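Listed below, chain by chain, are the residues.
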Amino acid sequence: MRGGELERQGAASTWSGWVDAVSEELRALLHAVADRVADYRSGLGDRPVRAEQSGAALLAAFDLPLPDGPLAPAQVIAELAAAAEPGLVHSAGPRFFGFVVGGTVPAALAADWLTSGWDQNAVLAAASPAAAAVEEVVRRWLLDLLLLPAHCSLGLVTGGQLANLTCLAAARHAVLDRVGWDVERDGLVGAPALRVCVGADRHASILRALRLLGIGTAAIATVPTDGQGRIRPAELAAVLAGMTGPVIVCAQAGEVNSGAVDPLGEIADLTHAVGGWLHLDGAFGLWAAASPSYRGLLAGHERADSWATDAHKWLNVPFDCGFALTAHPAAHRAAMSTTADYLPAGTDSGRDAVDWNPEMSRRARGFAVWAALRSLGRAGVADLVDRCCTWARLLAAELAALPGVEVCAEVTLNQVLLRFPVAGDPAASDARTRAVIDAVQRDGTCWLGGTTWRGRVTARVSIVNAETGRADIERSVAAIGRCAAQSHHPVCMPMHTDAY
Ligand SMILES: *Cc1c(COP(=O)(O)O)cnc(C)c1O
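Report on the accompanying structure. As the structure is a prediction and not an experimental result, all values here were calculated from the model.

Regarding the packing of aromatic side chains
For the structure on display, the rule yields 6 aromatic pairs. Look at Trp141 and Trp370: their rings are 5.7 Å apart centre to centre, the planes differ by 20 degrees, and that puts the pair in the stacked class. Note that Trp141 is positioned in helix H6 (residues 129-145) and Trp370 in helix H13 (residues 366-400), a separation of 229 residues in sequence. Among the aromatic residues, those joined into a ring-pair cluster are Phe96, Phe99 and Trp447. One Lys or Arg, Arg454, reaches over the ring of Trp453 and ends 4.0 Å from the middle of that ring.

Given below as structure tokens:
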């Protein structure tokens, strides 16, 4: 296009004139996109919270011919928005309660745009001193806010999955190093057997991390949990008593369904008594440490050896961003660090991300985190956590008061589990719960997902958006209540399940 445009502009064009034309075009494009996004965000609270299209219709919308030559950026962006918008779930809005999807605080969204505009490579301080410096400050602020020891190391990764992987790589290094085995050099073939204790309600990403690390799921000893999904310390003690050799224990703050937090202090005692490494998956739940009202639930969390958490969940930073934190910087670095002749290390910024992350080239995620923390402040983060928990409790209480609705786990944080039972008939209860989930999703007032909890079909609500307010909870309770009432009469069930 550029050559063609030059020709169209005629012989009078100069190189600098062309550059000016490009920069004006870019300015216009960015302004147009800013308006488009602002329109989208301001209308979010009024839209049905569901995608209008999926699957084949969207594939067809995107599957325009791959052009032989360039197209104007403005046209491309208009086409992209037209194709994508019918397939957006509007999960950034205040009544999306699916999975654990945070919203975006304005400063973090704007900082994320700057990050794209600056297009820094955060691999090394030499490639972006600013990206390295902001990550170092983010490390200090996070440790302060989450009440973790000030010497802890940080890797800014894509999310909880990579945070678990990075922390468990550090754990694998440390527990094998303690028995004289260099896993980075010698691998796991012939290594002393490594065992990993995980609660029965562990997150799936823990299992994948163990697979990717070559530890394998057969190394897992599963520890029974209680009715809320918490590790039973006596069961952990029994499992550990039967083990010899290197041990990693994975505990959890914020079970992905119930939000339950393991008894962390007792688990830390038991793990350290056998010389093990305690890893804490706190993808969203670790943020309770930032709230004076909720941090008591996490008592002892600071005694873990590593922590995985997300910024794109409860901190409301745009996707994707998570944190791998460890109390053992040397182990973290030994597991992750790499170098090459063309990568200059050790500049005065004091931090090369390549030492702490599994990636090399990567996005400068620190800017958006810095902006979120600076704009919310200590009180703002605490308030964000508190409000989400308050809304979860309110939603649970109001729904529990309706006939044919059951709240089926304690609401300790921001998660609510619901069933829509048919008395004395578990199979019909499952079918009815499935039907209500489906009806709520079609209704579009709010969005909740489904899961299996204690063997039964269960609806799952997760509140992690700073924009969610009391009115959103009231509207959502009304909608869920309506959908439940419509599928209330057991006699109607076969019809309803057929219809869905
Ligand atoms: C969401 C979640 C993860 C995975 O985090 P991602 O950011 O999706 O990679 C891990 N553990 C728990 C408990 C979670 O809630």
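Points about the sheet that holds strand E6 (residues 306-310)
If you walk across this open sheet you meet the 7 strands as E1-E7-E6-E5-E4-E2-E3, and the pairing is mixed. The open sheet has two edge strands, strand E1 (153-157) and strand E3 (220-223), and neither has a second partner. Pairs of neighbouring strands in the sheet enclose a mean axial angle of 20 degrees, with direction left out of account. Pairing geometry for strand E2 (residues 195-199) and strand E4 (residues 247-252), over 4 bridges, is parallel. Considered in E4, the bridge of Cys197 is made with Val249. Helix H7 (residues 160-177) contacts E1, E4, strand E5 (277-281), E6 and strand E7 (322-326) of the sheet and is inclined by roughly 180 degrees relative to E5. Contacting E1, E5 and E7, helix H12 (residues 329-336) runs over the sheet at an angle of about 40 degrees to E1.

Conventions adopted
Residues numbered from 1 in each chain as written. Predicted model: local features only at pLDDT ≥ 70, side-chain atom pairs only at ≥ 80, totals over all residues. Heavy atoms only, no water. Phe/Tyr/Trp six-rings, centres within 6.5 Å; stacked < 30°, edge-to-face > 60°. Helix = DSSP H or I, 4+ residues; strand = E, 2+ residues; numbered from the N terminus. Lys NZ or Arg CZ within 6 Å of the ring centre and 35° of its normal. Pairing = 2+ DSSP bridges. Axes fitted to C-alpha atoms, helices over the stretch in contact; angles between N-to-C directions. Contact = heavy atoms within 4.5 Å.

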